[in-house]
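# What the coordinates show
Chain residues, written in single-letter form:
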Amino acid sequence: MVLAAVVFDMDGVLVDSEHLWEENWVAYAARYDVEWTAEDTSTVQGMSAPEWAAYLAERSGSPESPEQVERAVVDGMIGAIADGRAPLLPGADAMVTDVSARVPIALASSAPRTVIDAVLATYGLTEEFTATVSSAEVPRGKPSPDVYLEAASRLGRKGEECLGVEDSSNGIRAAAAAGLTVVALPNKTYPPKPDALELAGAVADSNDAVRRILLDRLADGARNEPVGRTV
C-alpha cells in the first residue's frame, strides 16, 4: 500500500511543551495541598482535555467542575505560549513544510482546540495542515486510536495509508492501533516505554532525522517495506 499522508502529534514533536502541561497540573493540584506526582503525569499523558480534567479534579479534591479545571489549565498553557515558553523544537518547521509540500498532512493532538490553534498560529504553520484534530473532538483520547483514525479520515485516507510521528508511549500506541506506520521521536524528559517503542516502524533522535525518514518513505513509488529502526 502506498503511503500517501502524514499525521503529526504536536506536544513533544512540534513544540517543547510537555513539561508545561505537567507544570500546570502540578500548580492546580497544589492549590488544594495535593502533590501531583510523576506517576500522575504518566497516567494522564495522551488523555483528552475532558479526561485529564476529570482526573485532576478528583485527584486534587477540587470543588470545581472538570470544565472549570480544564479552563484553568488551558489558560495557563495559552499564557505560556504567548510568553514564548513553548518553542518550536529544532527542525520542526522544516519537517512540516517539506513534508506538506509532498503530501497532505494532519495534526492529531491531545491538546484542546484552543491550544492547537494558538501553537500553529504562533509559528505560522496553520496553512501547512490540511486537517487538525483534538482528541477532545473524538470519543476517546490516546492510547485509543480515535484521534488518528479521524485525522486520517479527514485526509481521505485509511490509517494504513499514513505515516505518524509520535513522542510518547500512549501516542505511539494510538497511532499504531489506528494502523499508521509510526516514526517515534522519543521524548527525552518523558521517554516512551519499551513495549510502546516496539510498535514503531522507526525510531529517530531528531526532527531532522524524522524529516529524512518521512521524505524517503513518501518518495514516488514507495511501498510499505520495513523501515530502519534507528536514525
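See above for the structure.
Residues numbered from 1 in each chain as written. Predicted model: local features only at pLDDT ≥ 70, side-chain atom pairs only at ≥ 80, totals over all residues. Heavy atoms only, no water.

A few words on the sheet that holds strand 4 (residues 162–166). If you walk across this open sheet you meet the 6 strands as 3-2-1-4-5-6, and the pairing is parallel. The sheet is open, and its two edges are formed by strand 3 (131–134) and strand 6 (202–203), each paired on a single side. Along the sheet, helix 6 (residues 113–122) contacts strand 2 (105–109) and strand 3; its crossing angle with strand 3, the most-contacted strand, is approximately 140°. (Pairing = 2+ DSSP bridges. Helix = DSSP H or I, 4+ residues; strand = E, 2+ residues; numbered from the N terminus. Contact = heavy atoms within 4.5 Å. Axes fitted to C-alpha atoms, helices over the stretch in contact; angles between N-to-C directions.)

To continue, consider the environment of Ala200. By the secondary structure assignment, Ala200 is in the loop between helix 9 (194–197) and strand 6. Considering only alpha carbons, one finds Ala200 and Ala184, 16 residues apart in sequence, at a separation of 6.0 Å.

Once that is clear, we can look at the nonpolar core. Membership of the largest hydrophobic core comes to 55 residues, with the highest contact counts inside it found for Val6, Phe8, Trp52 and Leu214. At 6 residues, the largest contribution of residues to this core is made by helix 4 (residues 66–82). For Trp52, the contacting residues outside a window of four places in its chain are Trp21, Trp25, Val44, Met47, Glu70, Val73 and Val74. Core analysis: the next-biggest nonpolar cluster, separate from the first, contains 24 residues, Ala106, Ala151, Ala152 and Ala175 among them. (Core = buried A, V, L, I, M, F, W, Y, C linked by side-chain atoms within 4.5 Å. Buried < 20%, exposed > 50% of the residue type's maximum accessible area, 1.4 Å probe, protein only.)

By the definition in use, this model includes 12 salt bridges. Between Glu166 and Lys142 there is a salt bridge, with the nearest N and O atoms lying 2.7 Å from each other. Here the residue Glu166 occupies a position in strand 4, and Lys142 occupies one in the loop between strand 3 and helix 7 (146–154), the gap between them amounting to 24 residues. The exposure class assigned to Lys142 is buried, which follows from its relative accessible area of 4%. Note that Arg173 and Asp195 form a salt bridge whose closest N and O atoms lie 3.0 Å from each other. (Salt bridge = Lys/Arg side-chain N within 4 Å of Asp/Glu carboxyl O.)

Below, the discussion takes up the side chain of Glu166. The exposure class assigned to Glu166 is buried, which follows from its relative accessible area of 1%. There is a polar contact of 2.6 Å between the side chain of Glu166 and the side chain of Tyr148. Residues in contact with Glu166, not counting those within four places in the same chain, are Asp9, Val13, Lys142, Tyr148, Gly171, Ile172, Val182, Val183, Ala184 and Leu185. (Polar contact = N/O pair within 3.5 Å; in protein donor to acceptor, adjacent residues only side chain to side chain.)

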